[in-house]
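One-letter residues, chain by chain:
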Amino acid sequence: MTSSEELADSSTSREAAGDSSQAARKGLPAEVARRRTFAVISHPDAGKSTLTEALALHARMISEAGAIHGKAGRKSTVSDWMEMEKARGISVSSTALQFNYRAAGSDIDHVINLVDTPGHSDFSEDTYRVLTAVDAAVMLIDAAKGLEPQTLKLFQVCRHRGIPVITVINKWDRPGQAPLELLDEISERIGLTPTPLFLPVGIAGDFRGLLRRGPEGEAEEYIHFTRTAGGATIAPEESLTPDEAEAREGEAWATAAEESELLSATGQDHDQEMFLAGQTSPVIYASAMLNFGVRQLLETLVALAPAPGPRADVNGTARATTDPFSAVIFKVQAGMDTAHRDRLAFMRIVSGEFERGMVVTHAQTGRPFATKYALTVFGRDRTTVDTAYPGDVVGLVNATALAPGHTLYVDKKVEFPPIPSFAPEHFAVLRAQSAGKYKQFRKAIDQLDSEGVVQVLRNDARGDASPVLAAVGPMQFEVVTARMLGEYNVETHLDFLPYTIARRTDAASADELGRQRGVEVFTRSDGVLLALFSDKWRLQYIEKEMPKMTLEPLVAAAD
Ligand code: G4P
């Protein structure tokens, strides 16, 4: 089904539902059907924070973009919280923004859950965890820069997890590449067929509006945008017929209409099944800063992105959204707010209705867990959640036993597959500067370990006083030392180790491997034995000379 058919289909079915839609909205299936849970994936600086703010503006959560932190402070918008993040212009934390959105002509308030992902590649393990919690992704591309390394990596994660991707080509208000050139880059470099729903009218740098494409590439509508001062408020839209558009925009319209036909000739029209199968990606051209194309993105999410669906448990059995309550923990974070030094575990609800106060079972320990304090968190804002449904993200306060990948459920036991740890590539010994702080140091290590901030490795030879930290990206170490000082008042220093590769080994191989030069064996806190190698030549040599040793690759960050 094509995009416009899909849009038309959903609006007619809504009309047909008439009065009964009010009743149909009640109940779990209707709550699930009106939810859309997604993340924005992008290379830093593509405009993720600006887009988040533009979405909040369209959902009327804020009245002016830039009002929260001031125009100059757009870098630290609603989703940023840590000093280090602000200083470096990165976002480490993962939280969720929930808002209602009523599409044009609809009588249903959709519930949109935008789950924030860390911007920097050093936190790719975190990002992977977040992407286990969403049903769709918006791939945000800077029109002038095209595909960038982090976009590519994150896209691979989406492909790996079978997450459908909507592409937004941002910053069309600035000079950039030709529209079709960018699309070629997407299909050539990532093997995804881009199927624009809207094409820009006006070249990059002269963004006048969007041409809405019909099912077979015919120009259906021209949406003309008017700029507002500094892009602070929603850009007024005017809808024109193709003839009116031709008369008003002349060449710019004719070019866009021609491009649309060219795309159809190469089969680049939206196909819902192929989109859901991860073979095609609907494309929207936009300017997050001017709020052009932002409403179109919301309408697309509502019309095309999948509602929460069933999830396979460890036995491969599908857990339907209408089954009793279950949820997956995908993120644990402490000290998010210096005024509340608590620990929050974020769960994505998989099935059933969540009611605050309900007692659920923690699958990993079999223990009951009382959900008295349940919150939504976005930036510094915290709101108590009384009821939530599949697709929603809820933060549970002081959930000390919960770790990423854990399952919560009611009634019959269910357990979802664990989230894989990534192969670390950076290793360092962490030491407390003062021996007097040892108790706090230990407590902090355990805390940061269970949150998944870094992996913690130990072996008998090194003892327990100075554990080895293992990270996918070195910035994870900075988070550790900053939080050690900020939250636990422990000054630490790192001694980097000359290892670059980790392999999973077993008890039978550990002793002998540990005796080899350039190799050291550790136990990770989840009990996995890891052999560390200085470089790939050392690893290849050992593999050749000692073929009986167990040396299994771990999930690589770039997989
Ligand atoms: P990020 O979260 O993906 O890292 O990106 P962010 O939103 O912080 O945007 C990065 C820069 O790109 C910012 O500029 C922002 O204003 C700009 N930007 C975002 N979307 C658009 C757009 O649609 N058009 C244009 N022209 N620029 C856009 P900055 O100079 O770093 O900050 P600022 O002083 O402009 O706020």
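The residue numbers shown here count from 1 along each chain, following its written sequence. Local features are withheld for residues below a pLDDT of 70 in this predicted model, meaning they are given only at 70 or higher, and side-chain atom pairs are given and counted only at 80 or more; totals for whole chains, interfaces and linings count all residues. Only hydrogens and water are set aside when side-chain values are computed; all heavy atoms of the structure are taken into account.

Taking an unreviewed UniProt entry as the reference, the protein chain is identified by name as Peptide chain release factor 3 belonging to Nocardia goodfellowii. UniProt positions are given in the numbering used here, feature names are shortened, and annotations may be inferred rather than shown by experiment. UniProt annotates the protein chain under Sequence similarities (unreviewed entry) with the comment "Belongs to the TRAFAC class translation factor GTPase superfamily. Classic translation factor GTPase family. PrfC subfamily." A UniProt comment under Subcellular location (unreviewed entry) is attached to the protein chain, and it reads "Cytoplasm".

With that settled, consider the overall build of the protein chain. Assigned secondary structure in the protein chain consists of 16 helices and 30 strands. Counted over contacts in the protein chain with a minimum sequence separation of 6, partners at least 24 positions apart contribute 71%. The secondary structure listing takes helices from DSSP runs of H or I that are at least 4 residues long and strands from runs of E that are at least 2 residues long, numbered from the N terminus. By definition, residues are in contact when any of their heavy atoms lie within 4.5 Å.

With that settled, consider the pairing of strand 15 (residues 343–351). Within strand 15, nine of the nine residues are buried, leaving the element largely enclosed by the surrounding structure. The pairing of strand 14 (residues 326–334) with strand 15 spans eight bridges and is antiparallel. Among the inter-strand pairings, Val332 is bridged to a residue of strand 15, identified as Ala345. Pairing between two strands requires that DSSP report at least two bridges joining them. Taken together, the five bridges between strand 15 and strand 22 (residues 393–397) define a ladder with antiparallel strand orientation. Bridge pairing links Ala345 to Leu396 in strand 22. Only protein chains enter the area calculation, which uses a 1.4 Å probe; residues under 20% of their type maximum are buried, those over 50% are exposed, and those in between are partly exposed.

If you walk across this open sheet you meet the seven strands as 2-3-1-4-5-11-6, and the pairing is mixed. The open sheet has two edge strands with one neighbour each: strand 2 (96–102) and strand 6 (193–196). The mean angle between the axes of side-by-side strands here comes to 30°, regardless of whether they run parallel or antiparallel. Here strand 5 (residues 165–170) runs beside strand 11 (residues 280–285); their pairing, made up of three bridges, is parallel. Paired with Val168 across the two strands is Ile284, which belongs to strand 11. Note on method: axes are straight lines fitted to C-alpha atoms, helices fitted across the in-contact stretch only, with angles between N-to-C directions ranging 0 to 180 degrees.

One way to put it is that helix 6 (residues 124–131) packs onto helix 7 (residues 149–161) with a least axis distance of 10 Å and a crossing angle of 40°. As helix 6 runs across helix 7, the sense of the crossing is right-handed. Together, Thr127, Tyr128 and Leu131 of helix 6 and Leu154, Val157, Cys158, His160 and Arg161 of helix 7 make up the contact between the two elements. Classes in brief: Ala, Val, Leu, Ile, Met, Phe, Trp, Tyr, Cys and Pro nonpolar; Asp, Glu, Lys and Arg charged; the others, Gly included, polar. For the contact of helix 6 with helix 7, a count of residues per class yields five nonpolar, two polar and one charged. Note on convention: near helix rotated counterclockwise from far helix by under a right angle means a left-handed crossing. Clockwise means right-handed.

When two helices pack together, their arrangement is captured by the angle between the axes and the distance separating the axes. Put simply, helix 4 (residues 48–58) and helix 12 (residues 294–304) touch, their axes get as near as 10 Å, and they point 80° apart. Classified by the interaxial angle, the pair formed by helix 4 and helix 12 is roughly perpendicular. From helix 4, Leu51, Ala54, Leu55 and His58 reach across to helix 12, where they touch Val294, Arg295, Leu297 and Leu298. Its residues assigned to classes, the contact of helix 4 with helix 12 shows six nonpolar, one polar and one charged. The cut-offs work like this: below 35 degrees is roughly parallel, past 145 is roughly antiparallel, 65 to 115 is roughly perpendicular, and the gaps in between are oblique.

Now for unusual backbone geometry. Trans is the common state for peptide bonds, and a negative phi is the common state for residues other than glycine. A positive phi angle, near 65°, is found at Lys171, a position not held by glycine. Tracing the backbone shows Lys171 in the loop between strand 5 and helix 8 (179–190). One non-glycine residue, Asp411, lies in the positive phi region at around 65°. The topology assignment puts Asp411 in the loop between strand 23 (407–409) and strand 24 (426–432). Under the relative-accessibility criterion, Asp411 is labelled exposed at 63%.

Patches in this entry comprise residues that are over 30% relatively accessible and not in a salt bridge; like charges within 9 Å are linked, as are nonpolar side chains (Val, Leu, Ile, Met, Phe, Trp, Tyr) within 5 Å. Here the open area of atoms and residues is found with the Shrake-Rupley method and a 1.4 Å probe, where only the protein chains shown may cover a residue. Any Lys or Arg side-chain nitrogen located within 4 Å of an Asp or Glu carboxyl oxygen qualifies as a salt bridge. We score Asp and Glu as negative and Lys and Arg as positive, and we do not count His or the chain ends. The atom standing in for a charge is NZ when the residue is Lys, CZ when it is Arg, CG when it is Asp and CD when it is Glu. Together, Asp243, Glu244, Glu246, Glu251, Glu258 and Glu261 line one region of the surface with negative charge. Checked against the element boundaries, Glu258 lands in helix 10 (residues 251–265). Residue class for Glu258 comes out exposed when judged on its relative accessible area of 52%.

All right, on to the packing of aromatic side chains then. In this analysis, rings of Phe, Tyr and Trp, with Trp reduced to its six-membered ring, are considered paired at centre separations within 6.5 Å, and the interplanar angle assigns stacked below 30 degrees, edge-to-face beyond 60, and tilted for intermediate values. For the structure shown, the criterion picks out ten aromatic pairs. Each ring, one from Tyr222 and one from Trp253, has its centre 5.5 Å from the other, and the planes form 65°; the classification is edge-to-face. Residue Tyr222 is found in strand 9 (residues 219–225), and its partner Trp253 is found in helix 10; the two are separated by 31 residues along the sequence. Here Tyr222 and Trp253 have matching classes, each one buried. Three or more aromatic residues joined by ring pairs make a cluster, and in this case those are Phe207, Phe225 and Phe292.

Contacts to the ligand come from 17 residues, most closely from Asp45, Lys48, Ser49, Thr50 and Asp173. The contact in question runs from an oxygen atom of the ligand to an N or O atom on the side chain of Ser287, over 3.2 Å. Nitrogen and oxygen atoms within 3.5 Å of one another constitute a polar contact, given that in protein one can donate a hydrogen and the other can accept it, and given that sequence-neighbouring residues count only through two side-chain atoms. In the model, an oxygen atom of the ligand is placed 3.1 Å from a nitrogen or oxygen of the Met289 main chain. Burial of the ligand by the protein chains amounts to 80% of its free accessible area of 700 Å². Examining the composition of the shell around the ligand, we find that three residues originate from one element, helix 4, more than from any other. Split by residue class, the shell around the ligand holds four nonpolar, five polar and eight charged. A cutoff of 4 Å decides nearness: a residue is near a molecule or strand if any of its heavy atoms lies inside that distance of it.

Side-chain atoms within 4.5 Å link the members of a nonpolar core, which is a set of buried Ala, Val, Leu, Ile, Met, Phe, Trp, Tyr and Cys residues. Core analysis: the biggest nonpolar cluster contains 59 residues, and Phe38, Leu55 and Leu297 have the highest contact counts within it. With seven residues, helix 12 is the single largest residue contributor to this core. By size, the runner-up hydrophobic cluster in this structure holds 33 residues, among which are Ile41, Val134, Ile186 and Phe330.

For strand 3 (residues 109–115), a buried count of six out of seven residues is recorded, marking the element as mostly surrounded by other parts of the structure. As paired elements, strand 1 (residues 35–42) and strand 3 share five bridges and run parallel to each other. Across the sheet, residue Arg36 finds its bridge partner in strand 3, namely Ile112. Between strand 2 and strand 3, which follow one another and run antiparallel, lie six residues, and Gly105 among them has a positive phi close to 80°.

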